[in-house]
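Chain by chain, the residues run as shown.
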Amino acid sequence: MKHLFKHPLVVFGLGIAAGYFVHKYRREILASATEFSEKGREFVLGSQEHDVAGTCEECEE
């Protein structure tokens, strides 16, 4: 089985298949990547508001 995946035609065929599916579903891939980046941005901005670092105003006094 190892030797099968090292054969150049199999590797070429897998590349062609991957390219086909990326081209076919490119809109869905871009939409999910954009949604993922927006959620990440919201998480970072939300964590800055809640002061995740653990500092306490009462402890400083």
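Because the structure is a prediction, the values reported are computed rather than measured. (Residues numbered from 1 in each chain as written. Predicted model: local features only at pLDDT ≥ 70, side-chain atom pairs only at ≥ 80, totals over all residues. Heavy atoms only, no water.)

Participant: If you had to explain the packing of aromatic side chains to someone new, which residues and values would you point to?
Facilitator: On inspection of all chains with the given rule, the structure shows two aromatic pairs. Plain terms: the ring middles of Tyr20 and Phe21 are 5.2 Å apart, the flat faces sit at 70 degrees to each other, and that makes the pair edge-to-face. Owing to a relative accessible area of 49%, Tyr20 belongs among the partly exposed residues under this scheme. Given the relative accessible area of 45%, Phe21 is considered partly exposed. Look at Phe21 and Tyr25: their rings are 6.4 Å apart centre to centre, the planes differ by 5 degrees, and that puts the pair in the stacked class. Ring pairing ties together the aromatic residues Tyr20, Phe21 and Tyr25, which thus form one cluster. (Phe/Tyr/Trp six-rings, centres within 6.5 Å; stacked < 30°, edge-to-face > 60°. Buried < 20%, exposed > 50% of the residue type's maximum accessible area, 1.4 Å probe, protein only.)

Participant: Got a sec to walk through the pattern of salt bridges? Specific residues and values, please.
Facilitator: Throughout the structure, instances matching the rule amount to two salt bridges. Two residues, Arg41 and Glu38, come together in a salt bridge whose shortest N-O distance is 2.7 Å. Taken together, the positions of Arg41 and Glu38, both in helix α3 (residues 26–49) and three residues apart, correspond to about one turn of that helix. Overall, Arg41 belongs to the partly exposed group, its relative accessible area being 46%. For Glu38, a relative accessible area of 35% corresponds to the partly exposed category. (Salt bridge = Lys/Arg side-chain N within 4 Å of Asp/Glu carboxyl O. Helix = DSSP H or I, 4+ residues; strand = E, 2+ residues; numbered from the N terminus.)

By themselves, these observations are geometric and do not establish any function.
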